[in-house]
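Understanding the architecture of this molecule
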Amino acid sequence: MESVARGGTRWKRFAVVMVPSVAATAAVGVALAQGALAASFSVSGQQAKVSVDRLDGKGFVQYGTIDTVHGGKKVPVAVSAFKSAELRGLCQSVVIPVPVFGDVSVKLNAGNNGKVVEAKNLYIDLDQLDADATFKNINIGVSANDTSKGPGLKDGDTVLPGSFAQEADEAVLTGVKQTSWATSAGTFKLSGLSLNVAKGKNECF
């Protein structure tokens, strides 16, 4: 079974239970460029913009939870996870406001000119994404505690017992544009890495 979806989703009111829709499913799974971080941590409070030409993922799961921003603020996120993923045409950008000096942009590119970015046990905390998505053998409405296709719940994530989740054997996403709070990965290989720091706003999209 394959499911194809196109769309963008903004969680203004997300709570801990995911909205059961294919559009929400398409809106998960792609913030894959923030590096390999610890499994459980306080997020910085700054979001990254990430674009990907193509993502090929295996062992996909999506569920909802709450992240804690440095200082204690709580933010609702959709967590999508892959057992393994390959990305082509990856771009990540973060704009850092510096007092007096102004904005400073950090921009990363990888997986271009025939090279591929590889990740394993990848978890992405995001709140908005636009993409074309195709899922193979998808289950929508699975209990988050009982998913079996993906790598399981991330250490430190809390979900309501029996809360809504979605899973698939494989996921292919193209034309990805998304904003994320954090990403964790067991391994994250950035082939053809290029990093640029510049004054002002220099974002992926």
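Now for a quick tour of the structure. (Residues numbered from 1 in each chain as written. Predicted model: local features only at pLDDT ≥ 70, side-chain atom pairs only at ≥ 80, totals over all residues. Heavy atoms only, no water.)

Next up on the list: the environment of Ser44. Mapped onto the fold, Ser44 is located in the loop between helix H1 (22–26) and strand S2 (48–68). Between the alpha carbons of Ser44 and Ala182 there is a distance of 8.5 Å; along the sequence they are 138 residues apart. Ignoring any residue separated from it by four or fewer positions in sequence, one finds Ser44 in contact with Val69 and His70. (Helix = DSSP H or I, 4+ residues; strand = E, 2+ residues; numbered from the N terminus. Contact = heavy atoms within 4.5 Å.)

The subject of this paragraph is the pattern of salt bridges. Tallied over the full model, the rule gives 7 salt bridges. Residues Glu170 and Lys58 are paired through a salt bridge, measuring 3.5 Å at the closest nitrogen-oxygen approach. Separated by 112 residues along the polypeptide, Glu170 in strand S7 (residues 164–189) and Lys58 in strand S2 bring together distant segments of the chain. Residue Glu170 is classed as partly exposed on the basis of its relative accessible area of 29%. One salt bridge in this structure joins Lys154 and Asp125, with 3.1 Å as the shortest N-O distance. Of this pair, Lys154 sits in the loop between strand S6 (139–143) and S7 while Asp125 sits in strand S5 (residues 117–136); the two residues are 29 residues apart in sequence, bridging distant segments of the chain. Several salt bridges share partner residues, and in doing so they unite Arg54, Asp56, Glu86 and Arg88 into one network. (Salt bridge = Lys/Arg side-chain N within 4 Å of Asp/Glu carboxyl O. Buried < 20%, exposed > 50% of the residue type's maximum accessible area, 1.4 Å probe, protein only.)

Purely geometric numbers; function is a separate question.
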